[in-house]
Amino acid sequence: MPVARPDDSNDLTHEPAPGGLAARARAGVTPAASYLQGLNPEQREAVETTDGPVLVLAGAGTGKTRVLTTRIAHLIATGKAYPSQILSVTFTNKAAREMKERVTRLVGDVAEGMPWLGTFHSISAKILRRHAELVGLKSDFTILDMDDQIRLLKQVIQAADLDEKRWPARMLASFIDGWKNRGLTPDAIPAGEAGVFGNGQGGKLYLAYQQRLKTLNACDFGDLLVHCLTLWKGHPDILAQYQERFRYMLVDEYQDTNVAQYLWLRLLAQGRRNLACVGDDDQSIYGWRGAEVDNILRFEHDFPGAKVVRLERNYRSTGHILKAASHLIAKNEGRLGKTLRTDDEAGEKVIIAGAWDSQEEARAIGDDIELFQSRGAALAQMAVLVRTSAQMREIEERFIAMGLPYRVIGGPRFYERAEIRDAMAYLRCVHSQSDDLAFERILNVPKRGLGDATLQQLHLQARATGASLQQSAAILIETEEFKPKVRSTVRALVQAFGRWRLKLEHARPAEVAEIVLEESGYTDMWQTDRSADAAGRLENLKELVRSIDEFPDLPGFLEHVSLVMDTVSDDSVSRVSLMTLHAAKGLEFDMVFLPGWEEGLFPSQRSLDESGRAGLEEERRLAHVGITRARRHAKIMFASNRRIHGMWQSSMPSRFIDELPESAVEVAEAASNFAQGGYGASRFDRQPSFTSTYATPGWQRAQAAKAAGPQAGAQAGRWGGDSGGFGSRGSSGPRHASRLIEGELVAKSSGPASEFGVGARVFHIKFGPGDVFAVDGNKLTVDFDKAGRKMVLDAFVQRGA
DNA sequence: TCCTAGCGCTTTTTT
DNA sequence: AGCGCTAGGA
């Protein structure tokens, strides 16, 4: 394929690039191309195979981002493309930001001019603003967030005379999102699916929703992509422009693309065919929101002649951690197959530890962290990764009780907070008289006596005249429609918006925002609020006003907020990170705690129920992601009892624990009882003994410990010394039991039959007395007198009366 | 129009 | 268990 030169005169869409930048970039590059140095052969191949379709299969920790950024630098430095001719797509704003920074570091300011580096959604929005009228929008269309979307859908459902209780808007939203993820417009839904919701009206409601969006001059996130598809399919000339412009295309996290994104890419790539996708099928964890692992599995089929480069050399983790992760993920069937390897030392084994219940688990984590911290480890290098956010509470409580600094990553986002959304709604109303959803939101916030009745009148007027709510308000205050009191309130509001809009022409947006919040009584509302978080909310509002100053104008700010929902957090204090496994993708830590590896929780029962084998494989990938976040130390934990929705449930260790390779893991013994066995607070207990003093595998030791009684395993290497000690020291029952289990569960969780037979009378520490209903290895199904039928490990019950 | 009691739901989450 | 929503009453 001929190499496209940036100055090709047949490039009709060529934009005059900033003069001399490419030349400058090129000049800074020695023939040896310094940026290529330090790349391993595979990475280098991934960078230098510039033309034609390329799939880079980049396992965890193999330098994926480095390849992507170097590739961009390479394209620019060799003059193959101007920055403005490279399309680089990421999934998150964070990833986009990071990539921009790293490219800048490589090639200098040139990268700042990379206008087409961003998320699928931000790039789509940019394209749509230029051609909005071709898809039935105006160029200043608003982008609705989920909250707006739900409220709009509620209206649609109401209008269709459906019971909101029976047909929740959220459910419809997920159907519509599902369709949009597949690039389906209302007319394209498969016949069988159109009847999914609201007595067979799903398809109709989708259409009604799209029509409402059009009247509102708005679109939701999914539309950004779907409208682009519509645009390009309906206007080949415009598609051709973009195909011409994007000489090179790069996609990060390709395994996370959905069908719509795939179609989007394929349309563009039909031009130059220079599409490089980077991804890892083993890290595909977003199937539940429409990601198609198939996209990456079928890449070679979809883009014939594609070159596939595998990055398998891992620079992050030690040998045992990698081995554990690889062995686990090898159980998945649908994968392209990669084996991570490292030149690093074998390092510490992955530690597996059981706890009686989730509280003890949290306690053990806290104690481990404290111990390591006392030995000089930085809190910022430790992370606790959980399956569900509900698990976080107990851990947080423990950290708070201990005074351990921590940070939750991926919690409720700044722009999702109610006070921020209210403030944003005010600004949107100032910006646009036709933003009905925003107007509806603030009509009676703060309370000003304009309720449902008033809103109905406005809606009626709006529907009759085709005006927006704000315009309708302006009309109605000139009539006798409203009661006097309402009329004067509405008039005041309408006049206020007029005033604020006028201010916008002279004052800085941030100043206007401040005035708006002040004069509308919104700030007052929180000042008089006596609830605990009112002060924090006022703080957030100040922060919001401050951040407006970073943008040239109000529209710019509004666009930013609708597309970029995250804010940068402060990194000044070293803290332990607490997050879900999903949020952890792309991050790494020296030490990683993985609690809650229990059947039902992880793998999540719901995943299994809803998606069967595919669900299980996705959960397994999630486990793989979790383990591979660790550089040097990983500890997997499970609790035998956990409160779920307020009910205590006993649980079995996760099947994933059984799937770990024996040679790379080590089973920790329960600690507390040993302290009384003569070893006391020995130096063994004090050491965070990642370095086992024993060469024998964990199971053997655990087995031996079981056979020889409590003392035998007392000095075994494990995390945390006397961790988990207080609080459960007195209750030797569970402690004793859990020690036995830990030895057994990994080695033979489906092993020899229990000592209890069917019908035996047993006693369980938490559930009380019961009768054994069934026996499966060491797992008993017991009908408890009070707690009902539960599955428990035999070691947790004693022979009952 | 506002307040409150009761009901139901409960993964993961980005844009 | 806890939260958010809804409906119904004041």
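Up top you'll find the structure we're talking about.
Okay, so let's go over this structure. Counting starts from 1 at the beginning of each chain's written sequence and moves along it residue by residue. Chains and ligands are labelled sequentially in the order written, the chains with letters from A and the ligands with numbers from 1. Side-chain atom pairs in this predicted model are given and counted only at pLDDT of 80 or more, local residue features only at pLDDT of at least 70, and totals for whole chains, interfaces and linings cover all residues. Based on all heavy atoms of the structure, the side-chain values leave hydrogens and waters out of the count.

**Brief notes about the overall build of chain A**
Here's step 1: Assigned secondary structure in chain A consists of 32 helices and 21 strands.
Here's step 2: Summary of the burial criterion: residues with accessible area below 20% of their type's maximum are buried, those above 50% are exposed, and those between are partly exposed, where the area comes from a 1.4 Å probe applied to protein chains only. The proportion of buried residues among the 801 residues of chain A is 55%.
Here's step 3: Working rule for contacts: check all heavy atoms of both residues, and any pair within 4.5 Å makes them a contact. Once local pairs closer than 6 in sequence are excluded, the contacts in chain A between residues at least 24 apart make up 77%.
Here's step 4: Reported accessibility uses the Shrake-Rupley method at a 1.4 Å probe radius. Residues are deemed covered only where the shown protein chains occlude them. Summed over its atoms, the accessible surface of chain A is roughly 33900 Å², and 51% of this surface lies on carbon and sulfur atoms. For helices the rule is a DSSP run of H or I covering at least 4 residues; for strands it is a run of E covering at least 2, with both sets numbered from the N terminus onward.

**Quick word on the pairing of strand β10 (residues 382-386)**
Remark: a regular strand shows side chains that alternate across the two faces of the sheet.
Here's step 1: With 5 of 5 residues buried, β10 lies mostly within the body of the structure.
Here's step 2: Neither face of β10 is open: one carries Met382, Val384 and Val386, the other Ala383 and Leu385, and all of them are buried.
Here's step 3: One ladder, built from 3 bridges, connects β10 with strand β13 (residues 589-594); its direction is parallel. Its bridge partner lying in β13, Ala383 is registered against Val592.
Here's step 4: Note: two strands are recorded as paired if DSSP finds a minimum of 2 bridges between them. As judged from the 4 bridges shared by β10 and strand β12 (residues 576-580), these two strands associate in the parallel manner.

**Topic: the protein's contact with DNA strand B**
Here's step 1: Proximity is defined per residue: any heavy atom of the residue falling within 4 Å of a molecule or strand makes that residue near it. By nearness alone, 29 residues border DNA strand B, and Ser389, Arg413, Gly451, Thr580 and Arg606 come closest of all.
Here's step 2: Polar contact is defined as a pair of N or O atoms within 3.5 Å, subject to the rule that within protein one atom must be able to donate a hydrogen and the other to accept it, and that residues adjacent in sequence are counted only when both atoms are side-chain atoms. In this structure, a base oxygen belonging to DNA strand B sits 3.2 Å away from a side-chain N or O atom of Glu610.
Here's step 3: Of all the elements in the fold, those that place two or more residues in the surface near DNA strand B are α19 (452-465) and α27 (605-628).
Here's step 4: Asp, Glu, Lys and Arg are counted as charged, while Ala, Val, Leu, Ile, Met, Phe, Trp, Tyr, Cys and Pro are counted as nonpolar; the rest, among them Gly, fall into the polar class. Each residue belonging to the surface near DNA strand B can be placed in one class, and the counts come to 8 nonpolar, 14 polar and 7 charged.

**Regarding the nonpolar core**
Here's step 1: Phe439, Leu458, Phe497, Leu544 and Phe557 are the most contacted members of the largest nonpolar core, which totals 47 residues.
Here's step 2: Of the residues forming this core, the biggest block, 8 residues, is contributed by helix α17 (residues 418-431).
Here's step 3: If we ignore the near neighbours within four places in the chain, the residues touching Phe557 are Tyr415, Met424, Leu427, Leu544, Ser547, Ile548 and Phe551.
Here's step 4: Grouped together as the second largest cluster of nonpolar side chains are 46 residues, Leu55, Leu87, Ala132 and Phe141 included. Working definition of a nonpolar core: buried Ala, Val, Leu, Ile, Met, Phe, Trp, Tyr and Cys residues. They are joined through side-chain atoms within 4.5 Å.

**Examining the packing of aromatic side chains**
Here's step 1: Note on ring pairs: Phe, Tyr and Trp rings are taken, using the six-membered ring of Trp, and paired if centres are within 6.5 Å. Classes follow the plane angle, with under 30 degrees stacked, over 60 edge-to-face and the rest tilted. Taken as a whole and assessed by the stated rule, the structure comprises 26 aromatic pairs.
Here's step 2: Each ring, one from Trp232 and one from Tyr242, has its centre 6.2 Å from the other, and the planes form 55°; the classification is tilted. Of this pair, Trp232 sits in helix α9 (residues 221-234) while Tyr242 sits in helix α10 (residues 236-245), placing them 10 residues apart in sequence.
Here's step 3: Of the residues examined, Tyr242 reaches a relative accessible area of 1% and is grouped as buried.
Here's step 4: Pairing Tyr286 with Trp288 gives two aromatic rings, centres 5.8 Å apart and planes at 55°, and the pair type is tilted.
Here's step 5: We classify Tyr286 as buried; its relative accessible area is 13%.
Here's step 6: Judged by its relative accessible area of 57%, Trp288 falls in the exposed class.
Here's step 7: In textbook terms, an aromatic cluster arises when at least three aromatic residues are bridged by ring pairs, as seen for Phe91, Trp116, Phe120, Trp232, Tyr242, Phe246 and Trp264.
Here's step 8: Here, a charge over a ring means that NZ of Lys or CZ of Arg falls within 6 Å of the ring centre while also lying within 35 degrees of the ring normal. Above the face of the Phe141 ring, Arg129 is positioned so that its terminal group lies 4.1 Å from the ring centre.

**Considerations on the environment of Asp140**
Here's step 1: If you trace the backbone, Asp140 turns up in the loop between α5 (120-131) and β4 (142-143).
Here's step 2: Placed 415 residues apart in sequence, Asp140 and Pro555 show a C-alpha to C-alpha distance of 8.6 Å.
Here's step 3: Residues contacting Asp140, with those up to four places away along its chain left out, are Arg129 and Asn217.
Here's step 4: In this structure the side chain of Asp140 is engaged in a polar contact, spanning 3.1 Å, whose partner is the side chain of Asn217.

**A word on helix α25 (residues 554-563)**
Here's step 1: For α25, every residue scored as buried is listed here: Leu554, Phe557, Leu558, Val561, Ser562 and Leu563.
Here's step 2: Where α25 begins, the capping side chain belongs to Asp553, and its oxygen is found 3.0 Å from the backbone nitrogen of Gly556.

**Description of helix α24 (residues 534-548)**
Here's step 1: With 15 residues, α24 ought to run about 21 Å at 1.5 Å a step, and its terminal C-alpha atoms sit 22 Å apart, in line with that.
Here's step 2: On its buried side, α24 packs onto α17, α22 (509-519), α23 (522-528) and α25. An expected span of 1.5 Å times one less than the residue number is assigned to each helix.

**Some points on the protein's contact with DNA strand C**
Here's step 1: Every residue close to DNA strand C is listed here: Lys154, Lys165, Arg393, His645 and Gly646.
Here's step 2: Among all atoms of DNA strand C positioned within 4 Å of the protein, those belonging to sugar or phosphate total 50%.
Here's step 3: Of the residues contributing to the surface near DNA strand C, the split by class is no nonpolar, 2 polar and 3 charged.

**So, the sheet that holds strand β6 (residues 248-251)**
Here's step 1: The strand order across the open sheet built from 6 strands is β3-β2-β6-β7-β1-β8, with neighbouring strands paired in parallel fashion. Only two strands of the sheet have a single neighbouring strand rather than two, namely β3 (117-119) and β8 (307-311). Going across the sheet, the axis of each strand differs from the next one's by a mean of 15°, ignoring polarity.
Here's step 2: In this sheet, strand β7 (residues 275-279) lies alongside strand β1 (residues 54-58) in parallel orientation, the contact comprising 4 bridges. Across the sheet, Leu55 pairs through a bridge with Cys277, a residue of β7.
Here's step 3: Sheet strands in contact with helix α2 (residues 41-48) are β1 and β8, and its direction is about 145° off that of β8.
Here's step 4: For every element, the axis is a line fit to its C-alpha atoms; helices are fit only across the contacting stretch, and the angle between N-to-C directions ranges from 0 to 180 degrees. In this fold helix α4 (residues 93-107) packs onto β2 (86-90) and β3, with an angle of close to 165° to the strand it touches most, β3.

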